[in-house]
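Next come the chains, spelled out residue by residue.
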Protein chains: 2
Amino acid sequence: MQKTNRTKVKRIPVRGQYDIESIYSILDAHFLCHIGFIHEDYPVVIPTLYGRYGDRLYIHGATTSRLLKSLQEGIEISLSVTLVDGLVLARSAFHHSMNYRSVVLFGVAQLVTDPEEKFKALKAVSDQIIAGRWEEVRLPNEKELKATTVLSIPIHEASAKVRTGPPVDDKPDYDLDVWAGVVPLKMTADFPIPDPLLKEQIKVSKSIEKYYRQ
Amino acid sequence: MQKTNRTKVKRIPVRGQYDIESIYSILDAHFLCHIGFIHEDYPVVIPTLYGRYGDRLYIHGATTSRLLKSLQEGIEISLSVTLVDGLVLARSAFHHSMNYRSVVLFGVAQLVTDPEEKFKALKAVSDQIIAGRWEEVRLPNEKELKATTVLSIPIHEASAKVRTGPPVDDKPDYDLDVWAGVVPLKMTADFPIPDPLLKEQIKVSKSIEKYYRQ
């Protein structure tokens, strides 16, 4: 991907990655992004779910939401996806850090009006959260589709930033009697909690079983 | 906390919380925020670590970073902290959701120039990540303090948004033979990985032991 002035990683450039595979693999490993836009002269950052389909990200929400009302006017957005991989504990306070994989993206969000693309986009968001669930549930009807706004954001101006590995301390500090290393962090799933209103004898579905085996 | 036009939760208002305790408890449960600001007419969203001390959030970084260079000029920011608590799996695609706790905050970031406040702020960021670590490591020296920019953001215009509990489906859908419920998600820590350059016989420190007992 072409570096632009906006996406070029200036701080610690060695952490910057611009190949599409790195960017997609980070986007595909999460489902929550933080999207920023300008609303009446001030910046707004809001968390929202997303789905990737090809070279686009899709976000969705109620037609009435302020975020989507603003975005569908075609204003510029910035979007960030961050995976926290670990706490990097150095011998000095200064060299403490975090292992992470993040993508920062710039673009203009477009309203999806084509019904087929809209449907595909909603499936992409669903697949992003839990693959196979879309095939198990009641799909959106006309009324629900009408009540949902979908925006499409091209992945054309993006960069990834990644930190891995142990802490890096100043040379003299390696002599200190301080434990140093990494505490790995990850998102984990607990046992599924059935809806109290679930009909008896309904077992956890395949998509959920599979989710736990990942 | 006073609701403003910017912080009032308009979509699903019942999820909005404005009391300081709810807002602080969400901020205190994480250490990573996404901060948005306007840079040369376009929005930028960047992930960064933070620490809360009283009614302020502190963020830090290299004096040379674009983010902090922009912010210290006193421009407006929006900041979001989001904790993902679970996937909400409904019987219909439309009613899928996420359980989460999030804070969205607006304000003007100010450069911290007072050395005492700067030190306190850096400790707050360290405590936010892992309590007690600050007391175990070599603290920042003059040179390191000079190389670090710290910004202070007042928690005066903020709101929380929280979703908990099972999915809510349309009445007729409760008859469907589809498993519904919540898959709880949380951030968990794996065993600490010692730095390959760690001196022999140094054991994991108290702060890290305590971190795992939480």
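This text follows the structure it describes.
Procedures and definitions
Residues numbered from 1 in each chain as written. Chains lettered and ligands numbered in written order. Predicted model: local features only at pLDDT ≥ 70, side-chain atom pairs only at ≥ 80, totals over all residues. Heavy atoms only, no water. Phe/Tyr/Trp six-rings, centres within 6.5 Å; stacked < 30°, edge-to-face > 60°. Helix = DSSP H or I, 4+ residues; strand = E, 2+ residues; numbered from the N terminus. Buried < 20%, exposed > 50% of the residue type's maximum accessible area, 1.4 Å probe, protein only. Contact = heavy atoms within 4.5 Å. Buried area = accessible area lost by both parts, 1.4 Å probe. Salt bridge = Lys/Arg side-chain N within 4 Å of Asp/Glu carboxyl O. Polar contact = N/O pair within 3.5 Å; in protein donor to acceptor, adjacent residues only side chain to side chain. Least-squares fit on C-alpha atoms with pLDDT ≥ 70 in both. Arc of directions from axis to C-beta. Core = buried A, V, L, I, M, F, W, Y, C linked by side-chain atoms within 4.5 Å. Pairing = 2+ DSSP bridges. Axes fitted to C-alpha atoms, helices over the stretch in contact; angles between N-to-C directions.

Draft legend 1. Highlighting the packing of aromatic side chains. A complete count under the given rule lists six aromatic pairs over all chains for this structure. With a centroid separation of 5.7 Å and an interplanar angle of 90°, the aromatic rings of Y42 of chain A and F106 of chain B are classed as edge-to-face. Linking Y42 of chain A in strand β3 (residues 42-49) with F106 of chain B in strand β7 (residues 97-108), this pair reaches from one chain into another. Assessed through its relative accessible area of 7%, Y42 of chain A is described here as buried. Ring centres of F119 of chain A and W134 of chain A lie 5.5 Å apart, and the angle between their planes is 80°; this geometry places the pair in the edge-to-face category.

Draft legend 2. Up close: the interface of chain A and chain B. Taken together, the contact pairs 90 residues of chain A with 90 residues of chain B. Between chain A and chain B, roughly 7,500 Å² of surface is buried when both sides are summed, and carbon and sulfur atoms account for 65% of that area. Linking chain A to chain B there are 10 salt bridges. Measuring nitrogen to oxygen at the nearest pair gives 3.6 Å for the salt bridge that ties D170 of chain B to R138 of chain A. Scanning the region where chain A abuts chain B turns up 32 residue pairs in polar contact (both at pLDDT 80 or more). Looking at the side of chain A that touches chain B element by element, the count peaks at nine residues for strand β11 (residues 181-189) of chain A.

Draft legend 3. Here's a closer look at the relation of the copies chain A and chain B. Once turned by 180° and shifted 0.0 Å along the axis, chain A lies on chain B with an RMSD of 0.0 Å. Expressed as a symmetry operation, the mapping of one chain copy onto the other fits a two-fold axis. Relative to the rotation axis, the closest C-alpha in chain A is found at M187 of chain A, a distance of 2.2 Å. By residue overlap, the copies meet face to face through one surface: 100% of the interface positions of chain A are interface positions in chain B.

Draft legend 4. Up close: helix α5 (residues 206-213) of chain A. All names here are of chain A. Buried residues of α5: S207, I208 and Y211, and no others. Here the buried residues of α5 occupy an arc of 95° about the axis, which is enough to place them on one side. Residues of α5 that are exposed and point more than 90 degrees away from the buried face comprise K206, K210 and R213.

Draft legend 5. Structural view of the environment of G51 of chain A. When you line up the elements, G51 of chain A lands in strand β4 (residues 51-53). Beyond its immediate sequence surroundings of up to four residues, G51 of chain A is in contact with R56, L57, Y58, A124, V125 and Q128 of chain A.

Draft legend 6. View of the nonpolar core. Counting residues in hydrophobic clusters, the biggest one holds 30 residues, and the most contacted among them are I59, I77, L79 and I153 of chain B. Dropping the residues within four chain positions of it, I77 of chain B is found in contact with P43 of chain A together with I35, G36, F37, L71, L105, F106, G107, A109 and I153 of chain B.

Draft legend 7. Region of interest: the sheet that holds strand β5 (residues 56-62) of chain A. Residue and element names in this part refer to chain A. In spatial order, the strands read β4-β5-β9-β8; together these four strands make up an open sheet with antiparallel pairing. Of all the strands in the sheet, the pair left with one neighbour each is β4 and β8 (110-111). Of the pairings in the sheet, the one linking β8 to strand β9 (residues 148-154) comprises two bridges and is antiparallel in character. Within β9, the position partnered with Q110 by the bridge is S152. Those strands touched by helix α3 (residues 115-129) are β4, β5 and β9, and its axis lies near 125° from that of β4.

Draft legend 8. Local environment of the pairing of strand β11 (residues 181-189) of chain B. Here five bridges tie β11 of chain A to β11 of chain B, and the two strands are oriented antiparallel to one another. Counterpart to L185 of chain A in the pairing with β11 of chain B is A189 of chain B. Sheet topology note: the strand β12 (residues 193-194) of chain A/β11 of chain B ladder contains two bridges and is antiparallel. The residue bridging I193 of chain A from the neighbouring strand is V182 of chain B, located in β11 of chain B. Sheet topology places strand β6 (residues 76-89) of chain B next to β11 of chain B; four bridges connect them, and they run antiparallel. Its bridge partner being in β11 of chain B, G86 of chain B is matched across the sheet by P184 of chain B.

Draft legend 9. Representation of the sheet that holds strand β5 (residues 56-62) of chain B. All names here are of chain B. Spatially, the four strands line up as an open sheet ordered β4-β5-β9-β8, and their pairing is antiparallel. A strand with exactly one partner marks an edge of an open sheet, and here the two such strands are β4 (51-53) and β8 (110-111). In this structure, β5 lies alongside strand β9 (residues 148-154), joined through seven bridges in antiparallel fashion. Bridge pairing in β9 links A62 to T148. The strands that helix α3 (residues 115-129) touches are β4, β5 and β9; relative to β4, the one it contacts most, it runs at about 125°.

Draft legend 10. Region of the structure containing the side chain of T7 of chain B. Residue placement: T7 of chain B occurs in the segment before β1 (16-17). In terms of polar contacts, T7 of chain B uses its side chain to reach the backbone amide nitrogen of T4 of chain B, at 3.0 Å.

Draft legend 11. How the structure looks around the environment of Q17 of chain A. Residue and element names in this part refer to chain A. Residue placement: Q17 occurs in strand β1 (residues 16-17). Of the residues examined, Q17 reaches a relative accessible area of 26% and is grouped as partly exposed. Along the primary structure Q17 and I35 are separated by 18 residues, whereas in three dimensions their C-alpha atoms are 20 Å apart. The contacts of Q17, once residues within four sequence positions are left out, are S22, I23, S159, A160 and V162. At 3.2 Å, the side chain of Q17 and the side chain of S22 are in polar contact.

Draft legend 12. Up close: the pairing of β3 of chain A. Residues and elements named next belong to chain A. Across the eight residues of β3, eight count as buried, placing the element largely inside the fold. Neither face of β3 is exposed, since Y42, V44, I46 and T48 on one face and P43, V45, P47 and L49 on the opposite face are all buried. Counted between consecutive antiparallel strands, the loop separating strand β2 (residues 32-39) from β3 contains two residues, among which E40 sits at a positive phi close to 45°.

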